[in-house]
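Here's the letter readout for the chains.
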Amino acid sequence: MPVITYREALRHAMSEEIERDENVVLMGEEVGQFNGAYKVSEGMLAKYGPKRIIDTPISEAGFIGMGVGAAMLGMRPIMELMFFSFYTVAFDQIFNNAANIRYMSGGLINCPIVLRGPANGGTNVGATHSHTPEGIAAYHPGIKVVAPSNAYDAKGLMKSAIRDNDPVMFMENTMLYGESMEVPDGEYLIPLGKADVKRAGTDLTIVGHGRPIQMALKAADLLKEKHNINAEVVDLRSIRPLDEETVLASVRKTNRVLIVEESKPFCSVGAMLACIIAEKAFDDLDAPIKRVTSIDSPAIYSPPLEKLQLPNVDRIFTAALEVLK
């Protein structure tokens with residue numbers, strides 16, 4: 001099985017779907033001639049041509065609106081945002097139009113569009129380029145939200161997102177683009193709405209999504225090494241639809257839970273998850289639910305301070321011990 005990077009896994013997924021379905025196109029700023037701002041689409045213009053790999057003007061409202069219209073007419077556009085922070089420029093197109101058209105048309109019009117790009121901090125690009133809008137996106141009925149933590153999941157989830165008949169916001173992380181692992185060649189799909197237990201355990205459930213899962217796994221190893229604590233790590237992978245049953249089954253097994261995410265704490269995915277656990281598994285808890293999030297301020301530009309603002313292995317390790325007191 002070949003070892004490839006997260007960005008290569010995304011490229012393979014998009015390429016396979018472009019070859020499988022003539023209605024799939026990739027659009028966005030610099031996806032073609034520049035090979036993608038993060039080289040995710042490297043080589044795709046040369047291979048598939050300018051009718052399938054389309055460079056757009058620097059106008060998110062314009063090209064996202066174009067993609068929504070194309071999707072309504074039967075295309076399956078993949079729209080790259082150079083930073084997911086720029087989704088705010090196309091808020092109306094995404095949440096007022098794409099999210100609602102299937103409902104408003106009585107199911108007659110689908111909008112199979114994928115919006116993808118980096119949604120993370122940690123790269124010292126300031127508050128206007130470091131949003132993690134999973135919670136805002138998932139708030140809207142009609143939108144699906146995905147946040148893979150590794151290359152294998154990224155490929156399988158991307159292929160499923162492209163084939164889905166609803167709008168999917170596919171949250172990537174620039175800090176993961178160069179991370180590599182074994183990924184099968186060829187066809188495989190990971191269904192949206194299915195979480196994955198990345199590490200089995202009995203003493204504590206650590207649940208999250210995206211890059212913090214990698215930190216959670218390292219923290220779990222430290223907990224085992226230093227304190228003989230067996231932590232279970234559950235990767236949501238898909239935020240909406242959300243796999244409640246996998247999370248609740250883990251909590252009922254371990255009786256303690258730590259939620260980890262890069263988002264800010266107020267009204268976040270983790271806050272919703274805590275609510276679900278409290279409502280449906282309260283009697284199974286032996287300790288209060290605890291969360292590790294980004295510190296509640298706009299993204300800090302200073303590199304050493306931003307490292308402290310975001311979740312890290314030490315913060316997760318310390319919080320886990322507090323839950324187990």
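Preceding this section is the structure that the text describes.
The present account deals with the structure reproduced in this document.

Scoring rules and cut-offs
Residues numbered from 1 in each chain as written. Predicted model: local features only at pLDDT ≥ 70, side-chain atom pairs only at ≥ 80, totals over all residues. Heavy atoms only, no water. Core = buried A, V, L, I, M, F, W, Y, C linked by side-chain atoms within 4.5 Å. Buried < 20%, exposed > 50% of the residue type's maximum accessible area, 1.4 Å probe, protein only. Helix = DSSP H or I, 4+ residues; strand = E, 2+ residues; numbered from the N terminus. Contact = heavy atoms within 4.5 Å. Pairing = 2+ DSSP bridges. Axes fitted to C-alpha atoms, helices over the stretch in contact; angles between N-to-C directions. Polar contact = N/O pair within 3.5 Å; in protein donor to acceptor, adjacent residues only side chain to side chain. Right-handed = clockwise from strand over helix to strand, strands pointing away. Phe/Tyr/Trp six-rings, centres within 6.5 Å; stacked < 30°, edge-to-face > 60°. Lys NZ or Arg CZ within 6 Å of the ring centre and 35° of its normal.

### As for the nonpolar core
Among the nonpolar cores identified, the biggest contains 43 residues, and I64, I94 and I277 are the most heavily contacted of them. Breaking this core down by element, the ones donating at least two residues are β2 (24-28), α3 (60-72), α4 (91-98), α6 (134-138), β7 (168-172), α9 (244-254), β13 (257-260) and α10 (269-280). The residues contacting I277, other than those within four sequence positions of it, are V247, L248, V251, V257, I259, F282, L285 and I289. Y6, M158, F170 and I190 belong to the second largest nonpolar core, which has 35 residues in total.

### Considerations on the sheet that holds strand β10 (residues 204-208)
Strands sit in the order β9-β11-β10-β13-β14 across an open sheet of five strands; the sheet is mixed. Each edge of the open sheet carries a strand with a single partner, namely β9 (196-199) and β14 (290-292). Put simply, the sheet's adjacent strands are angled 25° from each other on average, direction ignored. Helix-sheet contacts for α9 involve β9, β10, β11 (231-235) and β13, and the interaxial angle to β11 is about 170°. Set on the sheet, helix α12 (residues 313-323) makes contact with β10, β13 and β14; between it and β14 the angle comes to about 175°.

### A few points about the side chain of R199
Among the structural elements, R199 can be located in strand β9. Among the polar contacts made by the side chain of R199, one reaches the side chain of D221 at a distance of 3.5 Å. Polar side-chain contacts of R199 include one of 2.8 Å to the backbone oxygen of A231.

### Here we look at the sheet that holds strand β12 (residues 238-240)
Within the open sheet, the seven strands sit side by side as β3-β2-β4-β5-β7-β6-β12. Their pairing is mixed. Looking at which strands have only one partner, the edges of the open sheet turn out to be β3 (53-55) and β12. Neighbour-to-neighbour, the strand axes of this sheet turn through a mean angle of 20°, independent of strand direction. Bridging between strand β6 (residues 144-146) and β12 involves two bridges; their strand directions are antiparallel. The residue of β12 that forms the bridge with V145 is R240.

### A word on the pairing of β10
With five of its five residues buried, β10 lies for the most part within the structure. Along β10, one buried face is formed by L204, I206 and G208 and the opposite face, lined by T205 and V207, is buried too. In terms of strand pairing, β10 meets β11 through five bridges, oriented parallel. Its bridge partner lying in β11, L204 is registered against A231. Assessed by its sense of winding, the connection that carries the chain from β10 through helix α8 (residues 212-227) to β11 is right-handed.

### Comments concerning the packing of aromatic side chains
Across all of its chains, the model carries eight aromatic pairs by this definition. One aromatic cluster in this structure is built from Y6, Y38, F83, F86 and Y177. A cation sits over an aromatic face here: K39 above F34, 3.7 Å from the ring centre. The cationic tip of K226 hangs over the ring face of F317; the distance from NZ or CZ to the ring centre is 5.7 Å.

Don't take any of this as a statement about function, it's just geometry.
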